[in-house]
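Chain by chain, the residues run as shown.
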Amino acid sequence: MIIWLLTGLWVLLGCAEVAHLITIMTNRSLQTYTFLCGVLCLAGLVVYTGIFLLGHLSYKKNKTSVTKAFYSPVCWLFVVLAGVTIYRLFRGYVPDLQDAVYEIVVGNLESGSLMTEHPFLGGTMETMMPMRFQILGLSSLYSALITISQQSQYMIMCKIVPLGVWLFSLLNYWLFADAIFGEDNHKKWLFVSFVAFIYLITGNSEGLPGYRLFLAGFSGETIRGLVLMPYTFYVCWQRKWLLAIIAIFVEACLVWTTYGIGYCALVTLCIFGVQLLFDRRAKHAA
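Residues numbered from 1 in each chain as written. Predicted model: local features only at pLDDT ≥ 70, side-chain atom pairs only at ≥ 80, totals over all residues. Heavy atoms only, no water.

Undergrad: So what exactly am I meant to see when it comes to the packing of aromatic side chains here?
TA: When we look at a pair of aromatic rings, we describe it by the centre distance and by the angle of the planes. According to the stated counting rule, one finds 14 aromatic pairs in the structure shown. For the pair Phe-78 and Trp-189, a centre-to-centre distance of 5.4 Å together with 45 degrees between the ring planes defines the contact as tilted. Here Trp-189 lies in helix 9 (residues 185–201) and Phe-78 lies in helix 4 (residues 75–90), a separation of 111 residues in the sequence. Residue Phe-78 is classed as buried on the basis of its relative accessible area, which comes to 15%. Taking the relative accessible area as the measure of exposure, Trp-189 reaches 15% and is therefore buried. Between Tyr-173 and Phe-176, the aromatic rings sit 6.0 Å apart at their centres with planes inclined by 35 degrees, giving tilted as the arrangement. Taken as a pair, Tyr-173 and Phe-176 lie in helix 8 (residues 153–181) at a separation of 3 residues, close to a single helical turn. (Phe/Tyr/Trp six-rings, centres within 6.5 Å; stacked < 30°, edge-to-face > 60°. Helix = DSSP H or I, 4+ residues; strand = E, 2+ residues; numbered from the N terminus. Buried < 20%, exposed > 50% of the residue type's maximum accessible area, 1.4 Å probe, protein only.)

Right under this line is the structure:
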């Protein structure tokens with residue numbers, strides 16, 4: 001179920017990217033993008049939900065209750081850590097603006113168009129920025145969310161989005177815990193709680209995951225490091241190569257990569273090579 005939820009997130013981001021590309025190649029209007037994004041994301045969600053239901057019906061229903069499947073006294077430790085994390089995310093802070101996403105969103109909202117103003121130098125962006133940068137659609141998605149919700153960019157990008165990144169990141173690590181510890185709920189909750197604790201204690205250490213989460217949770221680099229790369233590692237470990245390919249394309253839409261070859265592609269190639277080597281050794285040993 002969790003892997004379907006995480007993959008659904010990438011599907012929605014892919015639909016938003018298609019809307020971004022269409023808008024960039026046409027009139028660059030934020031209104032146009034918001035309309036296209038809503039239509040394509042809704043269509044993608046309907047199709048993906050249908051695929052999920054067909055795949056889910058092929059398995060036998062699990063009669064184990066949710067309480068028995070997930071409950072453990074250790075989960076209260078996670079609840080405490082989650083409370084501290086939410087408090088830290090929603091208190092006032094100055095975000096780390098090392099990349100241009102935040103400024104591009106501000107420019108999009110002020111001009112009503114996508115990527116027409118350079119965030120740092122001023123002037124027309126399309127004459128100063130390479131197309132490889134302009135196809136990154138994360139700033140457009142944030143602009144649409146802010147427009148629809150009528151919330152400030154600070155609320156959406158510095159509070160709501162980082163909270164979602166934190167949640168999806170921990171869902172990733174729950175998958176690892178489930179694969180490693182099986183039915184031992186105590187160890188699974190302890191594992192996920194440890195990850196949440198790591199995020200908290202690294203919140204003030206520049207370059208570490210917690211710092212990126214609490215001070216730049218909206219950036220593509222944070223989403224890649226905390227959600228996309230663990231997801232890629234997990235699906236490659238489970239030999240779900242189609243999902244790994246999806247992750248590679250999503251990374252190319254979120255952050256700068258070398259002609260689409262980023263960290264997720266490197267992770268996929270490395271794990272594929274290791275598994276291929278082990279398979280050959282096992283075959284010759286037999």
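That was the structure; now back to the text.
Undergrad: Help me understand unusual backbone geometry in this model?
TA: Among all residues save glycine, negative phi is the norm, and among peptide bonds the norm is trans. In this structure, Arg-28 takes a positive phi of about 60 degrees despite not being glycine. Inspection of the secondary structure assignment puts Arg-28 in the loop between helix 1 (2–25) and helix 2 (30–57).

Undergrad: Can you help me understand the pattern of salt bridges in this one?
TA: Charged atoms that come close allow side chains of opposite charge to pair. Overall, the coordinates contain 3 salt bridges when judged by the stated rule. Glu-251 is paired through a salt bridge with Arg-224; the nearest N and O atoms lie 3.0 Å apart. Note that Glu-251 is positioned in helix 12 (residues 241–254) and Arg-224 in helix 11 (residues 220–237), a separation of 27 residues in sequence. For the salt bridge of Arg-239 with Asp-279, the shortest nitrogen-to-oxygen distance reads 3.1 Å. Of this pair, Arg-239 sits in the loop between helix 11 and helix 12 while Asp-279 is found in helix 13 (residues 263–285), placing the two residues 40 residues apart along the sequence. Overall, the relative accessible area of 42% leaves Arg-239 in the partly exposed class. (Salt bridge = Lys/Arg side-chain N within 4 Å of Asp/Glu carboxyl O.)

Undergrad: Which parts of the structure should I look at to understand the environment of Leu-40?
TA: Structurally, the position occupied by Leu-40 is in helix 2. When near neighbours in sequence (up to four residues on either side) are disregarded, Leu-40 contacts Cys-15, Val-18 and Ala-19. (Contact = heavy atoms within 4.5 Å.)

Undergrad: How do you make sense of the side chain of Thr-268 when you look at a structure like this?
TA: Examined against the element boundaries, Thr-268 turns out to sit in helix 13. Not counting residues up to four positions away in its chain, the partners in contact with Thr-268 are Thr-232, Cys-236, Trp-241, Ala-244 and Ile-248.

Undergrad: Explain the state of the cysteines to me, please; I cannot follow it from the model alone.
TA: Between two cysteines, a covalent bond joining their sulfur atoms is known as a disulfide. Per the stated rule, a full pass over the model turns up 0 disulfides. Unpaired in terms of disulfides, Cys-264 finds its nearest cysteine sulfur in Cys-236, a separation of 8.6 Å. Judged by relative accessible area, which is 0%, Cys-264 ranks as buried. (Disulfide = S-S within 2.5 Å.)

Undergrad: Help me out: how do you make sense of the packing of helix 10 (residues 209–216) against helix 11 in this one?
TA: The relative placement of two packed helices is expressed as an angle between their axes plus a distance between the axes. Contact geometry of helix 10 with helix 11 gives a least axis separation of 10 Å together with a crossing angle of 135 degrees. Between helix 10 and helix 11, the angle falls in the class oblique. Handedness of the crossing formed by helix 10 with helix 11: left-handed. Between helix 10 and helix 11, the contacting residues are Pro-209, Arg-212, Leu-213 and Ala-216 on the first element and Glu-221, Thr-222 and Leu-226 on the second. A per-class count over the contact of helix 10 with helix 11 returns 4 nonpolar, 1 polar and 2 charged. (Axes fitted to C-alpha atoms, helices over the stretch in contact; angles between N-to-C directions. Parallel < 35°, antiparallel > 145°, perpendicular 65-115°, else oblique. Left-handed = near helix turned anticlockwise from the far one by under 90°. Nonpolar A, V, L, I, M, F, W, Y, C, P; charged D, E, K, R; others polar.)

Undergrad: What's the story with a nonpolar patch on the surface in this structure? I'm lost.
TA: A cluster of nonpolar residues, Ile-261, Tyr-263, Leu-266 and Leu-269, forms a patch on the protein surface that exposes about 430 Å² of accessible area. Residue position: Leu-266 is located in helix 13. Given the relative accessible area of 46%, Leu-266 is considered partly exposed. (Patch = residues over 30% accessible without salt bridge, like charges linked within 9 Å, V, L, I, M, F, W, Y side chains within 5 Å. Areas by Shrake-Rupley, 256 points an atom, 1.4 Å probe, with all protein chains shown as cover.)

Undergrad: Quick question: what am I supposed to make of the side chain of Thr-202 here?
TA: Structurally, Thr-202 can be placed in the loop between helix 9 and helix 10. If near-sequence neighbours (up to four positions away) are discounted, Thr-202 is found in contact with Leu-208, Pro-209, Gly-210 and Tyr-211.

Undergrad: Any chance you could explain the nonpolar core here in plain terms?
TA: Nonpolar side chains tend toward joint burial in soluble globular proteins. Tyr-33 and Tyr-142 are the most contacted members of the largest nonpolar core, which has 76 residues in total. Looking at this core element by element, the count peaks at 11 residues for helix 8. Residues within four places of Tyr-142 in sequence aside, it is in contact with Val-101, Val-105, Met-157, Val-161, Phe-218 and Ile-223. (Core = buried A, V, L, I, M, F, W, Y, C linked by side-chain atoms within 4.5 Å.)

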